[in-house]
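Next come the chains, spelled out residue by residue.
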Amino acid sequence: LIEIGQPEHSVVTTCAYCGVGCSFKAEMRGEELVRMVPWKDGKANRGHSCVKGRFAWGYTHHRDRIVKPMIRESIDQPWREVSWDDAIGRVASEFRRLQEKHGRLAIGGITSSRCTNEETYVMQKLIRGGFGNNNVDTCARVCHSPTGFGLAQAFGTSAGTQDFDSVEHCDVMVVIGANPTDAHPVFASRMKKRLRQGAKLIVIDPRRIDLVRMPHVEADHHLPLRPGTNTAVMNALAHTIVTEGLVNERFVREFCDRDAFEYWAAFVSEPQNSPETVGTVAGVDPEAIRGAARLYAGGGNAAIYYGLGVTEHSQGTTTVMAIANLAMATGNLGRPGVGVNPLRGQNNVQGACDMGSFPHELTGYRHVSDDQVRETFETMWGRPLDSEPGLRIPNMFDAAIEGSFKGLYVQGEDILQSDPDTAHVARALSSMECVVVQDLFLNETANYAHVFLPGSTFLEKDGTFTNAERRINRVRRVMAPKSGMADWEVTLAVAAAMGFAMPYRHPSEIMDEIAALTPGFAGVSYDLLDRVGSVQWPCNEKAPLGTPVMHVGGFVRGKGNFLITEYVPTDERTGPRFPLLLTTGRILSQYNVGAQTRRTDNVLWHDHDLLEIHPHDAEQRGVRDGDWVRLDSRVGSTSLRAHITDRVAPGVVYTTFHHPDTQANVVTTDISDWATNCPEYKVTAVQVAPSNGP
Ligand code: SF4
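A. Layout of the sheet that holds strand 5 (residues 80-81). If you trace the seven strands from one edge of the open sheet to the other, you get 5-4-19-18-17-6-7, paired in mixed fashion. The two strands at the open ends of the sheet, each matched to only one other strand, are strand 5 and strand 7 (136-138). In this sheet, strand 19 (residues 451-454) lies alongside strand 18 (residues 434-439) in parallel orientation, the contact comprising four bridges. Bridging from a neighbouring strand, Val436 pairs with Val451 of strand 19.

Structure representation (structure tokens):
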């Protein structure tokens, strides 16, 4: 502090990493950002932060930042810096050419959960109104799309039910397929505090995550299930609850569809859902399943927190529905301390979904085939809109390889590194005639791009992010965009060049339009956010200051809907060639594909991905701790160093995906969730063998 001097002024803004959405004071001296200080009045973090939000913002100034637009004729040519006008002109003329030659549906775009709500909104507006099709999708496709679909079927809304404060009233915490101490550290601290006060803990995860055993916190039950068996275990918990008479009859009678409940209760009571049968399939002690079910149903206020270990499976949506069934059957909804709480990975994945980024939905999750809804948008936008859903990301890839999809605008997402089956993605990208990448750095996807549009960091723009508890937080401009334009301005310029004017002067005007078109956002404005700090949607005439807890006194859809969740094993099977199951996750100091955190001092804590392997499996293969190993699956192979640990069970290996030199997704397959196409990142049959390195 003595060296850098006292800051002169500060700007309150929101962290751009995980879905906790911590508020920070960006402390400035002149135009220079001195430090980020967690804001004590931030409702999501109350003055706390983690090593990412507090320290890992230096990528904003990193020498790798690309701040000038660039174009090239083909991907084997060098990049050439051009003016913004030339770059935008190239995008518009190429997209128009492709549509004239190959039809209206030949192009599309991908929005980013890293961008603001306002940027996401104008991006999908450009595609629907300017491109004239619904070929818009979002990186939520590969993470929480099953949450959106599954919870909408059960409860009527595509979002978590509680606020973070709710954890303070929780008596039993169930953590499924999530690792909060690494991925959502500030909220994990609140969980730990409650656990230290005496709340019980059930962890359902193939890996012994930190929460299972740490100082003053120990799980009452850890179910180390075999990857790919989540649905079976949820059904076994339900079996115990129903057959042992632990259902909350009053809640079901009052708030749920009785016929659906009866049908579901008969289904889960069947022998294939018993703890004995499921225990064999999932590799879990049946008594531990029974104990966990009894504790969840009878231990007071019980809340389920889950992450990508639930959604990124061939049955991701089914497991989300199974979780919803458990919460309804035990009456754990509609009050503080309970609920179904998806822990969203990215800062604005909730917002990206809310803002109409899916190919079948306009803002607020309204289907594009709804004539009345579409007409409202058509009147506001002055453009006719397509009533047919567009292509999802994997469909775009398939259509590109097949030859009908020719142009893609990717905003703030490194699809080559983050989507599964890297070779397939590369083939799709190289089949397209115009790939436009808008990003901070020349990421892996940019290797296949024809136009590069420089992106802006969260410090360089105004807007809002919506966190995992539906909280809409303000993002405030701390410094001018290094490229001269914020992301929303770039999208507006592309739209204008394509003849679709969107004359907003400030993101607040974009939010005003979102509020006018979206019932759940009707009361949201920058004035309100500046006045009260943040609000949780729905925020409208019925809830002018937002809604911390949803489904109080009844479900949004009317009666809660029990859904049949039959366990269907994934097609990804182990066998003699690939006898181990790989699952993936994150580490505290790094974030996703690492594009930002690798360009900060956080890399000192973690500069390469490791493969966790059980001592028994390592010994069988002659692998020692720190050795290079080769990881093979049926779609690809990579090399990384081994870390021998009993955190993983025999037969299971685990790695992170933060470093492009590993490219963990080279080995993940194209199997995806039956309802949403969310990739099955969490189950890949692999073999591990000693190697000499890459
Ligand atoms: Fe940022 Fe998440 Fe860390 Fe909060 S917990 S500082 S939102 S990365």
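B. Geometry of the packing of aromatic side chains. Inspection of the entire model under this criterion finds 15 aromatic pairs. Ring geometry for Trp79 versus Phe452: centroids 6.5 Å apart, planes at 75°, classification edge-to-face. Taken together, the positions of Trp79 in the loop between strand 4 (70-71) and strand 5 and Phe452 in strand 19 put the pair 373 residues apart, joining distant regions of the chain. With a relative accessible area of 0%, Phe452 lands in the buried category. An aromatic cluster is built from Phe155, Phe251, Phe255 and Phe555, whose rings are joined through pairwise contacts. The ring centre of Tyr654 lies 3.9 Å from the NZ or CZ of Arg207, which sits over that ring. Here the basic side chain of Arg599 rests over the ring of Phe441, its NZ or CZ set 3.9 Å away from the ring centre.

C. Broad picture of empty space enclosed by the protein. Applying the stated criterion across every chain, the model contains six cavities of 30 Å³ or more. Taken as a whole, the second largest cavity holds about 80 Å³ of empty space. In terms of lining residues, the second largest cavity is bounded by Gly160, Gln162, Asp163, Phe164, Phe187, Tyr305, Asn341, Pro342, Leu343, Ala468 and Glu469. Taken together, the residues that form the lining of the second largest cavity break down as six nonpolar, three polar and two charged.

D. Spatial organisation of the layout of surface pockets. Considering only enclosed or pocket space, the largest pocket measures out at about 850 Å³ in volume. In terms of residue count, helix 4 (residues 145-154) provides more of the lining of the largest pocket than any other element does, five residues in total. Tallied by class, the residues present in the lining of the largest pocket amount to 15 nonpolar, 15 polar and seven charged.

So, how was this worked out
Residues numbered from 1 in each chain as written. Predicted model: local features only at pLDDT ≥ 70, side-chain atom pairs only at ≥ 80, totals over all residues. Heavy atoms only, no water. Pairing = 2+ DSSP bridges. Helix = DSSP H or I, 4+ residues; strand = E, 2+ residues; numbered from the N terminus. Phe/Tyr/Trp six-rings, centres within 6.5 Å; stacked < 30°, edge-to-face > 60°. Buried < 20%, exposed > 50% of the residue type's maximum accessible area, 1.4 Å probe, protein only. Lys NZ or Arg CZ within 6 Å of the ring centre and 35° of its normal. 1 Å grid on protein atoms, 1.4 Å probe; cavity = no way out; pocket = protein on both sides within 12 Å on 5 of 7 lines; lining within 4 Å. Points joined across faces, edges and corners; volume = space filled by probe spheres on them. Nonpolar A, V, L, I, M, F, W, Y, C, P; charged D, E, K, R; others polar.

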